Amino acid sequence: MDNSQQEPLFVTRPSLPPLDEFVESLARIWESGVITNNGPFHKEFERVLAEYLGVKHLSLFANGTLALMTALQALRITGEVITTPFSFVATTHSLWWNNIRPVFVDVEPVHYNLDPSLVEAAITPQTTAIMPVHVYGNPCRVDEFKRIADTYNIKLIYDAAHAFGVKVNGNSLLTWGDVSVLSFHATKAFNTIEGGAIICHDAQTKERIDLLKNFGFVDETIVIEPGINAKMNEIQASYGLLQLKYIDQNIENRRNIANEYRKRLRGIKGIRIFEDIAGVNHSYTYFPVFIDEHMFGKSREDVYMRLRQNNIYSRRYFYPLISRFPSYSGLPSARLGNLPVAEQIAEEVLCLPIYSGLDPAEVGRICNIILEA
């Protein structure tokens, strides 16, 4: 078959609940006339999701970026926050929108999460928090970050956008830090079309978060602080409740796809892949490979274009580094050469298609095109 005639494969394809079930939920919403403002589906989804994730306090949001922005407000973060350059731009944008100065620190060379040893050296009197990212859902070195945060009396905010349902030794990864922030964007393993959540550890913090996401309203006539409108609506919440019924099977399907990639690419000179980490239940949101041009014989860009020519749309998550964007490139911590590990992997990373309905035969085709390069 001519390549141009083949159905395109994208880096992800959102899982969708059965349409008939969603229509039933919509009928209930139409009957109630309640479409937002902490309606019955919202309350039920918040309760059931917290139970599924194994956390005590969870607040739903319209999207993950608003959740990040609100988390910083809720913890009254100011000054400087140490974070990673190797993430999606929303991580750092949330700081900028709160008038907080990002300080970039390099990533560690194993799973490409923020390097705690370098974080400690970057702390100044202006540092009020650390914002690591569980990149690709691989857990950060949470024990070390906790020690640093406790030692210097600063807050610890985890961007857990990739880490839905991830557990370490049977316990939710989301229980670490002062708060963790999830994304339920359509590109994630679990989606509510758009959406997100903040996980915190006490009722008082949740109450403040819930006030901030609803304009600061205490009741009909009292506004105690300048909040924003970041609420999840009833349609998203009803959709999310349905998604929870199928998420375990979706993650299992993703695991099988990841293992098929590993079987075909493991041991290929010049290609690095992630293996599962002992004691960790992964969610397989992404399947990144890292291509060493000198060892493989072709660059990441060569492989990326070869796949595109075959109607396969991989993504270079995360390239370029956040520190290379004009908004941030002038920061002292963003200078070229300051972030050598991140700078290298940004030139090597390629996320391959992975989603619940991906045909294993297509995985084989993708791998063959890579190897033929």
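Residues numbered from 1 in each chain as written. Predicted model: local features only at pLDDT ≥ 70, side-chain atom pairs only at ≥ 80, totals over all residues. Heavy atoms only, no water.

J.: With reference to specific residues and values, describe the overall build of the protein.
T.: On a plain count of helices and strands, the protein comes out with 12 helices and 15 strands. With the principal axes as the frame, the protein shows a C-alpha extent of 65 × 55 × 40 Å. Per-residue burial over the protein gives 55% buried out of 373 residues. The long-range share in the protein, meaning contacts at least 24 apart out of those at least 6 apart in sequence, stands at 69%. Of the roughly 16700 Å² that the protein leaves accessible, carbon and sulfur atoms contribute 51%. The protein carries 35 positive and 42 negative side-chain charges, and their two centres are separated by 3 Å. (Helix = DSSP H or I, 4+ residues; strand = E, 2+ residues; numbered from the N terminus. Buried < 20%, exposed > 50% of the residue type's maximum accessible area, 1.4 Å probe, protein only. Contact = heavy atoms within 4.5 Å. Areas by Shrake-Rupley, 256 points an atom, 1.4 Å probe, with all protein chains shown as cover. Lys, Arg positive; Asp, Glu negative; His and termini not counted. Charge placed at Lys NZ, Arg CZ, Asp CG, Glu CD.)

J.: Could you give an account of the pairing of strand β6 (residues 155–159), with specific residues and numbers?
T.: Taking burial as the measure, the five residues of β6 include four buried ones, the bulk of the element. Running through helix α6 (residues 142–152), the crossover from strand β5 (residues 127–131) to the neighbouring parallel element β6 is right-handed. Both β6 and strand β9 (residues 179–183) contribute to a ladder of three bridges, which runs parallel. Each bridged residue has a counterpart across the sheet, and for D159 the counterpart in β9 is V181. (Right-handed = clockwise from strand over helix to strand, strands pointing away. Pairing = 2+ DSSP bridges.)

J.: Go over the pattern of salt bridges, please, and point to the residues and values.
T.: Side-chain pairs of opposite charge can arise where the charged atoms are in close proximity. Taken as a whole, this structure holds 23 salt bridges when the rule is applied. A salt bridge links R141 to E144; the nearest nitrogen and oxygen atoms lie 3.0 Å apart. Overall, R141 belongs to the partly exposed group, its relative accessible area being 34%. Residues R255 and E252 are paired through a salt bridge, measuring 2.8 Å at the closest nitrogen-oxygen approach. Residue R255 and its partner E252 are both found in helix α8 (residues 234–265); the two are separated by three residues, about one turn of the helix. (Salt bridge = Lys/Arg side-chain N within 4 Å of Asp/Glu carboxyl O.)

J.: How would you summarise the sheet that holds strand β2 (residues 57–61) if you had to cite specific residues and measurements?
T.: Spatial ordering of the open sheet is given by β2-β10-β9-β6-β5-β3-β4, a layout of seven strands whose pairing is mixed. The two strands at the open ends of the sheet, each matched to only one other strand, are β2 and β4 (101–104). Sheet twist, expressed as the mean angle between neighbouring strand axes with direction ignored, is 25°. Of the pairings in the sheet, the one linking strand β3 (residues 80–83) to β4 comprises four bridges and is parallel in character. Considered in β4, the bridge of V81 is made with P102. Of the strands in this sheet, β2 and β10 (196–200) touch helix α7 (residues 203–212), which is tilted by about 10° from β2. (Axes fitted to C-alpha atoms, helices over the stretch in contact; angles between N-to-C directions.)

J.: Which residues make up the packing of aromatic side chains, and what values do they have?
T.: Enumeration according to the criterion identifies 23 aromatic pairs in this entry. Between F86 and Y136, the aromatic rings sit 6.2 Å apart at their centres with planes inclined by 80°, giving edge-to-face as the arrangement. On the criterion of sequence distance, the pair formed by F86 in the loop between β3 and α4 (90–97) and Y136 in the loop between β5 and α6 is long-range, its members being 50 residues apart. The exposure classification of F86 matches that of Y136, with both residues buried. Measuring from ring centre to ring centre gives 4.8 Å for Y261 and F287, while their planes differ by 20°; the resulting arrangement is stacked. Of this pair, Y261 sits in helix α8 while F287 sits in strand β13 (residues 287–291), and the two are 26 residues apart along the sequence. Aromatic rings pair up to connect F86, Y112, Y136, F274, Y286, F290, Y317 and F318 into one cluster. The side chain of K213 reaches across the aromatic face of F61, ending 5.3 Å from its centre. A cation over an aromatic ring shows up here: R300 above the ring of Y319, its NZ or CZ 4.6 Å from the ring centre. (Phe/Tyr/Trp six-rings, centres within 6.5 Å; stacked < 30°, edge-to-face > 60°. Lys NZ or Arg CZ within 6 Å of the ring centre and 35° of its normal.)

J.: Quick one: what's the story with the nonpolar core, residue by residue and with numbers?
T.: Within the largest apolar cluster, 69 residues are counted, with the highest numbers of intra-cluster contacts made by Y261 and L352. Membership of the second largest hydrophobic core comes to 25 residues, among which are F290, Y317, L321 and C351. (Core = buried A, V, L, I, M, F, W, Y, C linked by side-chain atoms within 4.5 Å.)

J.: Just give me the short version of unusual backbone geometry, but keep the residues and values in it.
T.: Across residues other than glycine, the phi torsion is negative in most instances, and most of the peptide bonds are trans. Here Y317 and F318 are connected by a cis peptide whose omega angle stands at 15°. Tracing the sequence through the fold places F318 in the loop between β14 (312–313) and α11 (340–346). Cis geometry is adopted by the peptide bond preceding P320, which originates at Y319 and carries an omega value of -10°. Within the fold, P320 resides in the loop between β14 and α11. Even without being glycine, I193 reaches a positive phi, approximately 75°. The residue I193 is located in the loop between β9 and β10 in this model. Judged by its relative accessible area of 43%, I193 is partly exposed. Positive phi, close to 65°, is recorded for F215, a residue that is not glycine.

J.: Describe the side chain of K231, with residues and values.
T.: Turning to its location among the elements, K231 is positioned in the loop between α7 and α8. No salt bridge is formed by the buried K231, whose closest oppositely charged neighbour, D210, lies at an N-O distance of 11 Å. Of note is the side chain of K231, whose polar atom sits 3.3 Å from the side chain of N214. A polar contact is formed between the side chain of K231 and the side chain of N229, at a distance of 2.7 Å. Not counting residues up to four positions away in its chain, the partners in contact with K231 are T36, N37, F61, A62, K213, N214 and F215. (Polar contact = N/O pair within 3.5 Å; in protein donor to acceptor, adjacent residues only side chain to side chain.)

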